[in-house]
Amino acid sequence: MTLSTGSVLAIDTPLTTLAEAEHSLLGLGEAVDLPADVLVCTHEVRDGTPHYAFSVTSARWATDEATDGLLTQVGDYFGDWPAVFEDGSQQSQRPLLIRPAAPSSGSGSGSGSRSVPFGAGQALDETRRDETRRDETRRRDAGRAVRFGGCLRLTGSLPIAEVLAASAIDRIALLGGGTVAPDWQLSTRGFVRPRWQRGELVLAVLAVLAVLPAGPATGPATVAPFEVPNPTPCCAAH
Amino acid sequence: LLAEGKPWWITANSDSHKVYADWSKNPVDNNADAAWDAAGDTFNNFGRFGDPVYADGIQTAYSDFWPGYFSRTHVGSTAFNYGAVMSGIRAGRVWVSHGDLIAGLDMRAGVKGKHGPGTALGGKLAVRERDTVTLSIKITLADGPNFAQFTPKLNRVDLIVGDILGPNTDRDAFTTPSTKVVKSWDTSKSSGTVTLTYSFPRVDRPFYVRIRGTDANRSAPGFLGAAVDPTGPAIDVVGDADPWADLWFYSNPIFVLTPSPLPYNRAR
C-alpha cells in the first residue's frame, strides 16, 4: 500500500482496554459513510494515563469541504466523551484534523488549553498526544488497523495470495520464523487486525493445526492471525 | 540484566486456580458443557468458568497441578528448613525444569589448577586475567516417570555465554551484544549421570555462563537468528501444543569476574 497523502482525523478516547476500543468503533461504519480506502487504526497512547486513540485516514479526502463534513459526522459519533481541561471546564472531545501539510514539529500548541486525562488528576500534554497519533499514522509504524482497504473480504479461510491481492495488507509475518507460501491458507476467524511496521501493513500469524472433516490437513499449511477475537482475560477463573 | 552483571534469578511456577481442600469451587464442578450463568455461558463457549462459589465444606474432588508437577524450581538448599530454601533462592542456587526433564544438576566453575568445590549456580568466581576457567556440569538423568507417566529423555544440552558489560545506558535495550549459545552437547546416548566440561582458556573479560537442556522434540532458530541460538524453543502450533512433548530445563548463571573495569569496552 502506498503511503496515503490524505488528511488524518485523530480521536482521543478515555478507553483503556482494547475490547472497549474495538466496541466503540463497531458502529462507526454504519453511522458515517466512510470511503472504501478508509484506514481506521487504534493507537496505544503511553503517557501518564495510558489509553487508546483512534486515527481515521483516507486518501480521497482531497477537498476541505469533504473532510470537514466527515469531521462533523465522526465528531457526532464520538462526541459523548468529555475532555476535562485544566481550568476545570469540560467540553466534548472533538476529533482533531491533521492536514497533509501539518508541520512535523509539535511547537504549534499556543492555545494554552492543557487537558487533564479522563477521570484522572494528572496533567497531560495535549500536544504530545497529538504527536503520538500523528507520528504513528504518518510514519506508519505502530497503528493497529481495524478498517483497511479490502478488510471486508477477509472472512472465512482463504489463500495467502488472495489476502495480499485483495487487501491492503503488505506482508504476512509468521511468528517463530519461516515464511508463508502463497498457497497456504489463512484462517481469519473473521478477525484480522494488521499493524503498521516501518511503513508496511503487517499481519502476524501463527501456524495452526488444521482439523478438517477428513482429519489433519495434508495439503498446504494453515495459519491464523496471532491476535484472537476473544482472548481469555489473564487469570480468568478457568 | 545478566549482561549488566546483575543477579536476575530464574524461577518457574504456574498459576493455581483450584486447590485441594479449598472452601470454594467453580459453579459447575469442572463440567465444561454445563452453563454457569443464566445467559447459557459454558466453559466451552466462553473460555472460562464463572466466579467461584461456596463449596459447602472443603472440596476434595479436583485440584490444579500440585506444586512442581509440571514446572518446578529446584533450589540448592544447605539444610532442611524454610529459611535455608529462601537463602538458596536469594543466593541463586536455582535451576528450573518442565515435566521432571532431569533429576539433578550440579554445575560449577573453577580456575584450572586450583582445588576446591568451585563456584555454584548464582555465584561469582573471581579470577585473574589470563586464568583458564573450567566449567563442570553433572546432570542426573530422569530415572522415573513424571506426572504424565513417562520418563523424559534429555537429548541436548546448550551452553550459553555472554559478556558482562556493566550498566546499560539504554534502558530499553532488549538484547545483549555478545550473548549466544557457544556449545551444544548431544546427550541422547547417555544414561545415568552425564558429565560435561567446557574450558574458557585465558579469560580476558568478565562473563556469565548458564545452560539449558531439552528433549529436543521441538526446536527452531531463536528470535535473534541461528548465529545466536541455532536450536532454541520453537513457537507453539495453535491446536497442537502438548506441554509434555516439549520439555526444557534452564539453569541460573555463574558469573566469572576479571579485574577488568566495567563497563567493558563495547567496541571490542
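Notes on the structure follow. Sequence order as written defines the numbering, with residues in each chain counted from 1. Each chain is given a letter, starting from A, and each ligand a number, starting from 1, according to the order in which they appear as written. For a predicted model such as this one, the threshold for reporting local features is a pLDDT of at least 70, and the threshold for listing and counting side-chain atom pairs is 80 or more; totals across whole chains, interfaces and linings nevertheless cover every residue. The side-chain figures draw on all heavy atoms in the structure; neither hydrogens nor water molecules are used.

### Details of the overall build of chain B
The cut-off we apply is this: Comment: elements are numbered from the N terminus, with helices defined as DSSP H or I runs of at least four residues and strands as E runs of at least two. Three labels apply to residues, based on accessible area from a 1.4 Å probe with only protein chains included: buried if under 20% of the type maximum, exposed if over 50%, partly exposed otherwise in between. Any two residues whose heavy atoms approach within 4.5 Å at even a single point are treated as in contact.
When you go through chain B residue by residue, the secondary structure sums to 2 helices and 15 strands. Viewed in the frame of its principal axes, chain B has a C-alpha envelope of about 70 × 40 × 40 Å. In chain B, which comprises 268 residues, the proportion classed as buried is 39%. Partitioning the intrachain contacts of chain B with sequence separation of at least 6 by distance along the chain shows that 73% fall at a separation of at least 24.

### What about the overall build of chain A?
Check the secondary structure of chain A and you find 5 helices and 16 strands. Expressed as a percentage of its 238 residues, the buried residues of chain A come to 43%.

### Here we look at a nonpolar patch on the surface
Rules: Residues qualify for a patch when their relative accessible area is over 30% and they have no salt bridge, like charges being joined within 9 Å and the nonpolar side chains of Val, Leu, Ile, Met, Phe, Trp and Tyr within 5 Å. Throughout, the Shrake-Rupley method with a 1.4 Å probe supplies accessible areas, and for residues the shown protein chains are the sole cover considered. For this document, the term salt bridge refers to a Lys or Arg side-chain nitrogen within 4 Å of an Asp or Glu carboxyl oxygen.
Among the surface-exposed residues, V19(B), Y20(B), F65(B), W66(B), Y69(B) and F147(B) lie close enough to one another that they form a single nonpolar patch of about 590 Å² accessible area. Structurally, the position occupied by Y20(B) is in the segment before β1 (24–25).

### Focus: the pattern of salt bridges
Within the structure shown, the criterion is met by 15 salt bridges over all chains. Residue R171(A) pairs with E200(A) through a salt bridge whose shortest N-O separation is 2.9 Å. Here R171(A) is found in strand β10 (residues 171–174), whereas its partner E200(A) is found in strand β13 (residues 200–208), with 29 residues between them in sequence. By relative accessible area, which is 33% here, R171(A) ends up partly exposed. Between R72(B) and D100(B) there is a salt bridge, with the nearest N and O atoms lying 3.5 Å from each other. With R72(B) in strand β3 (residues 71–75) and D100(B) in the loop between β4 (94–98) and β5 (102–111), the pair connects residues that are 28 residues apart, well separated along the chain. If you follow the salt bridges from partner to partner, you end up with E22(A), R144(A), R193(A) and E227(A) in one network.

### Observations concerning the sheet that holds strand β10 (residues 193–200) of chain B
Residues and elements named next belong to chain B. Note the cut-off: The rule for pairing is simple: two strands pair if DSSP sees at least two bridges between them. For every element, the axis is a line fit to its C-alpha atoms; helices are fit only across the contacting stretch, and the angle between N-to-C directions ranges from 0 to 180 degrees.
Pairing is antiparallel across the open sheet formed by 3 strands, whose spatial order is β5-β7-β10. Bordering the open sheet on either side are β5 and β10, each of which pairs with just one other strand. The mean inter-strand angle of the sheet, taken between neighbouring strand axes irrespective of direction, is 15°. Sheet topology places strand β7 (residues 133–141) next to β10; 8 bridges connect them, and they run antiparallel. Looking across to β10, one finds that S136 is bridged to T197.

### Describing the interface of chain A and chain B
We count it as follows: All amino acids are sorted into three groups, where Ala, Val, Leu, Ile, Met, Phe, Trp, Tyr, Cys and Pro are nonpolar, Asp, Glu, Lys and Arg are charged, and the leftover types, Gly among them, are polar.
Taken together, the contact between chain A and chain B spans 13 residues of the former and 14 residues of the latter. Of the residues contributing to the side of chain A that touches chain B, the split by class is 9 nonpolar, 3 polar and 1 charged.

### Let's talk about the side chain of D163(B)
All names here are of chain B. Structurally, D163 is set in strand β8 (residues 156–163). Owing to a relative accessible area of 14%, D163 belongs among the buried residues under this scheme. Discounting residues that sit within four places of it in the chain, D163 has contacts with A3, S178, R205, P206, F207 and Y208.

### As for the packing of aromatic side chains
Residues and elements named next belong to chain B. As a reminder of what qualifies: The pairing test for Phe, Tyr and Trp rings, Trp by its six-membered ring, is centres within 6.5 Å, and the orientation test on the planes gives stacked under 30 degrees, edge-to-face over 60, and tilted for anything in between.
For the coordinates displayed, the defined rule picks out 10 aromatic pairs over all chains. With a centroid separation of 6.4 Å and an interplanar angle of 85°, the aromatic rings of W185 and Y198 are classed as edge-to-face. You can see W185 sitting in strand β9 (residues 180–186) and its partner Y198 sitting in strand β10, a full 13 residues away along the chain. Judged by relative accessible area, W185 falls into the buried class, the value being 12%. Note on Y198 and F200: the rings are 5.0 Å apart at their centroids and 65° apart in plane angle, and the pair reads as edge-to-face. Since its relative accessible area comes to 11%, F200 is described here as buried. Among the aromatic residues, those joined into a cluster by ring pairs are W185, Y198, F200 and F207.

### Looking at unusual backbone geometry
The phi dihedral of R198(A) falls on the positive side, at around 50°, and the residue is not glycine. Within the fold, R198(A) resides in the loop between β12 (195–197) and β13. Phi is positive for D56(B), which is not a glycine, with a value near 55°. The topology assignment puts D56(B) in the loop between β2 (53–54) and β3. Judged by its relative accessible area of 68%, D56(B) falls in the exposed class.

### Observations regarding the nonpolar core
Residue and element names in this part refer to chain B. Selection rule: For our purposes a nonpolar core is just a set of buried Ala, Val, Leu, Ile, Met, Phe, Trp, Tyr and Cys residues, chained together by side-chain atoms within 4.5 Å.
By size, the foremost hydrophobic cluster in this structure holds 33 residues, and its most contacted members are L105, M107, L135, I137, I139, F200 and V209. At the level of secondary structure, the elements contributing two or more residues to this core comprise β5, β7, β8, β10, β11 (207–214) and β15 (254–257). If we skip the residues at most four places from it in the chain, V209 touches M107, L135, L159, I160, V161, F200, N252, P253 and I254.

### Notes on the environment of R108(B)
Residue and element names in this part refer to chain B. Defined as follows: Residues adjacent in sequence count toward polar contacts only when both atoms are side-chain atoms; beyond that, a polar contact is any pair of N or O atoms within 3.5 Å, and within protein one must be able to donate a hydrogen and the other to accept it.
Inspection of the secondary structure puts R108 in strand β5. Leaving out residues up to four positions away in the same chain, R108 has contacts with P117, G118, T119, A120, T134, L135, S136 and I254. One polar contact links the side chain of R108 to the main-chain carbonyl oxygen of P117, over a distance of 3.3 Å.

### Some remarks on the state of the cysteines
A covalent bond bridging the sulfur atoms of two cysteines is what the word disulfide describes. Residues and elements named next belong to chain A. So the rule is basically this: A pair of cysteine sulfur atoms is labelled a disulfide when the two atoms are within 2.5 Å.
The final tally for this structure, using the stated rule, is 0 disulfides over all chains. Among the cysteines around C41, which has no disulfide bond, C151 carries the closest sulfur, lying 11 Å off. Taking relative accessible area as the criterion, C151 reaches 14% and is therefore assigned buried.

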